[in-house]
Amino acid sequence: MMEQIVIPILQVLIAVAVVPLLILYLQLVERKVLGFMQARLAPRRVGWHGLLQPVADALKLLTKEDTIPARADRFLFTLAPIVAVAPALAALAVIPIAGTPFTVFGYEVKPWISDLNIGVVYLLAVSSLGIYGTILGGWSSNSKYSLLGALRSSAQMISYEVPLGFALIGVMMLAGSASMVRIVEAQRSSGWWFVVPQILGFFCYFVSAVAETNRVPFDLPEAESELVAGFHTEYSGMKFALFFLAEYTNMIVVSSIVTIAFFGGWLRPFPNAEALAWLENGWVFFTPLVLAAFLGWLVGKRLGGNLMPMLIGGALGALLGFGIAVADPGGLASMRLPLLSGIFWFTLKVSFFLFAYIWFRGTYPRYRYDQLMQLGWKRLIPLSIGNVLLTGLVMLLLDRRA
Amino acid sequence: MFHTEDMEINMGPQHPSTHGVLRLKLQLDGEQIKDMRPVIGYLHRGVEKLCEHRTYAMIEPLTDRLDYVAAISENLGYCGAVETLMGLQIPPRAQYIRVVLAELQRIASHLLWLGTHALDLGAMTVFFYTFRERELILDLFEAFCGARLTYNSMRIGGLLEDVPRGWFDRVRHFLKIFPGRMQEYEDLLTVNRIFLGRTKGVGLLSAKDAIAYGVSGPPLRASGVNYDVRKALPYSSYDQFEFDVPLGSHGDTYDRYLVRMEELRQSCRIIRQALDRMPDGEVRAKVPKYIKPPAGEVYHVVESPRGEQGFYIVSTGGEMPYRVRFRAPSFVNLQALPVMCQGGLVADVVAVIGSIDIVLGDCDR
């Protein structure tokens, strides 16, 4: 009873409560990183270095007037943000953030909500439902800009779902399973991350996933210079916040899938090499973090809170901590913390891909609609199908699995 | 039975990328543009009429408000027109300083164009980079005349005052760092595949059409027509400087981008020459206290960052002009917009508007 019902419900509650908070701060990170790339300061007013800015933004969105345009379809207009955000959050259910179950108050808790044997298929199915939110939102607004944005995004998201699926098929073939946990386990047993044999698949997946989440350079549905704000032009207040939440949740989900399917999920680099076992040591991921934060804070305080010295200080701290950990003064190398280690590596990898998203946004112009379609149908789809065929051929030749 | 309706969509006057209060009536078939009509006049202030009730000296601040992105070019053109009408000889130092100011203004204006053009195409970072450098130029202008946007920087007969001490060194400093900064923009755009895809072959304007529509400035030169007022009808001693007039070959958005980027470099070259050969002496000719040009008319053109900026003044010998008429390059260039957008997509419209670099204050007057 407890393990069947109560714990999963608690897990779901935690996921649904924690992810929006994460997203608030992800958005702050995005603004900070973009500010750094664009030679400006980014939020600094609310709280220390703008740390309370997300709270202020959330309050603003919550208290804003919730407008519904005249002659809009009131029911669908209200439904659309919910339809957008629900699948995005539902996708979190099958994402494992670490490999080992742990016990709380004598009950065994797994670091994932559900380990479906068709996890990948579930993800693809659920994430494609999110399109309905976009289409309904754009259509029900009774605005031409919204409609154009919605049409664009439905065409775009449906087109890019094809290479997205094909890219993951290669991984499923290698792992021999569609369960997210088994995919990671397969990467442990095969000894390398699937990005090595599936480099094409990784490329197709990540490009399609950026397009699927409507982010730069594929942010046509909300191209602000053409369509004002695309499908959510007419939304305000909390309804807008839900679309926003959906977009960023999708970013996290996509980054997690890339991490799990291609970069070994919670596994450390070279998961089988015993020589690198110290990477699972608590010291290795704990000391650098603490020292990085401390040195970054110290340097930032001495030099007036500039970002660059803080980053350099943080990096130095991380290196120092790394050195201490490798030198291993306290004989703690034997103290392995699989759960913390798993969460650490998983978070690190996901953060990198989230950073890549922001990086793209700071670098690229936007594709044009026809060019986007060409890229999808003429390049990515043949490439991803070719990848599946190639993977099958090589597996057949090597006779790895019957 | 089945039929599809074209969608008519109003782009502007409140729209993030129509660069002011331009309104475009678009007829769309899906994403494709079937017809387009620019609607202007939202920023009409009747400046030409106002000028008929101002003395000549009082008109110069009004010219600031025409093309507010390149006010110094307007000042230069207006003062030049009155000076031609009066037959004044401008001291060489004033002419050189005017050239320095005008070319700095061209750089500032092109930087604003580059930033907003890139922003329209979705590349937001370039915008912040160009504004960083534009800020340096605005600081220079502020040091020179106290204003950052509407300068009223010149006087009929020369300048109000000489430049402040150390100003030329600051200009030199800017010229020293600017090429490196330009490299940053180019790294982000010139060879970016997405940027190339968005601009190459988009908004084609043939040389024949360009001439027929009276297009001038960088859009004309990008279509391959070698016409630059600074070379064709030199004013303010532009004939004493060496510079190239960059030309495009296809007349597409990318060529207009390349032409302006090269103009940035050529402007630096002109400023460098002007600083090296800066003459000494007065900065203002002997001008009567009350400016009363003799009866007659004059048409004086300058090359503003947007194109051929003309000033037509009719004087009856009084303190105020009888009629003033501005040839606004933005207005004329805007006429060619429907030609350039023919058969394009919605996304091309913003690219093309960005590439002709209109200022609605100039267009609507």
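Residues numbered from 1 in each chain as written. Chains lettered and ligands numbered in written order. Predicted model: local features only at pLDDT ≥ 70, side-chain atom pairs only at ≥ 80, totals over all residues.

Help me understand the sheet that holds strand 1 (residues 7-11) of chain B in this model?
Remark on secondary structure: sheet strands pair via backbone hydrogen bonds, oriented parallel or antiparallel. All names here are of chain B. Strand order in the open sheet formed by three strands is 1-2-3, and the pairing between neighbours is antiparallel. Edge positions in the sheet fall to strand 1 and strand 3 (32-39), since each has one partner strand and no second. The mean angle between the axes of side-by-side strands here comes to 20°, regardless of whether they run parallel or antiparallel. As paired elements, strand 1 and strand 2 (residues 23-29) share five bridges and run antiparallel to each other. Bridging from a neighbouring strand, isoleucine 9 pairs with leucine 26 of strand 2. (Pairing = 2+ DSSP bridges. Helix = DSSP H or I, 4+ residues; strand = E, 2+ residues; numbered from the N terminus. Axes fitted to C-alpha atoms, helices over the stretch in contact; angles between N-to-C directions.)

Help me out: how do you make sense of helix 3 (residues 74-90) of chain A in this one?
Residues three or four positions apart in an α-helix share a direction because the helix packs 3.6 residues into each turn. Residues and elements named next belong to chain A. Taking 1.5 Å of rise per residue, the 17 residues of helix 3 would be expected to cover 24 Å, and the 25 Å separating its terminal C-alpha atoms lies within 8% of that figure. At alanine 80, helix 3 shows its maximal kink, close to 25°; a proline, proline 81, follows between one and four residues later. Burial in helix 3 covers these residues: Phe77, Ala80, Pro81, Val83, Ala84, Val85, Pro87, Ala88 and Ala90. Each element contacted by the buried residues of helix 3 is listed here: helix 4 (119-140) and helix 9 (237-262). (Expected span 1.5 Å × (residues − 1). Bend = angle between axes of the 7 residues up to and from the residue. Buried ≥ 20, exposed ≤ 12 C-beta atoms within 10 Å, placed from the backbone. Contact = placed C-beta atoms within 7 Å.)

Quick question: what am I supposed to make of the confidence of the model for chain B here?
For residues with low pLDDT, the predicted coordinates do not support detailed interpretation. Taken as a whole, chain B shows an average pLDDT of 86; of its residues, 99% reach a score of 70 or greater. Both scores are available for the predicted complex, with the pTM at 0.81 and the ipTM at 0.77. (pLDDT = per-residue confidence, 0-100.)

Looking at this structure, how should I read the environment of lysine 144 of chain A?
Looking at where lysine 144 of chain A falls in the secondary structure, it is placed in helix 5 (residues 144-175). Accessibility expressed as a C-beta count within 10 Å gives 16 for lysine 144 of chain A, which makes it partly exposed. For lysine 144 of chain A, the residues in contact, after removing those within four places along its chain, are Met7 and Ile9 of chain B.

Any chance you could explain the pairing of strand 2 of chain B here in plain terms?
Every regular strand shows the same layout, with side chains that alternate between the two sheet faces. All names here are of chain B. The pairing of strand 2 with strand 3 spans seven bridges and is antiparallel. Of the residues in strand 3, the one forming a bridge with arginine 23 is valine 39. In sequence, strand 2 turns back onto strand 3 through a hairpin of two residues, with glycine 30 there showing a positive phi of about 70°.

It is not clear to me how the sheet that holds strand 8 (residues 323-327) of chain B should be interpreted in this structure. Could you clarify?
Residue and element names in this part refer to chain B. Taking strand neighbours across the sheet as the criterion, the three strands line up as 6-7-8 in an open arrangement whose pairing is antiparallel. Here the strands that pair on one side only, and so sit at the sheet edges, are strand 6 (296-304) and strand 8. Each neighbouring strand pair of the sheet contributes to a mean axis angle of 10°, computed without reference to strand direction. Judged from the nine bridges that link them, strand 6 and strand 7 (residues 307-315) form a sheet pairing that is antiparallel. Its bridge partner lying in strand 7, valine 298 is registered against isoleucine 313. Packed onto the sheet, helix 3 (residues 71-86) meets strand 6 and strand 7 and runs at close to 150° relative to strand 6.

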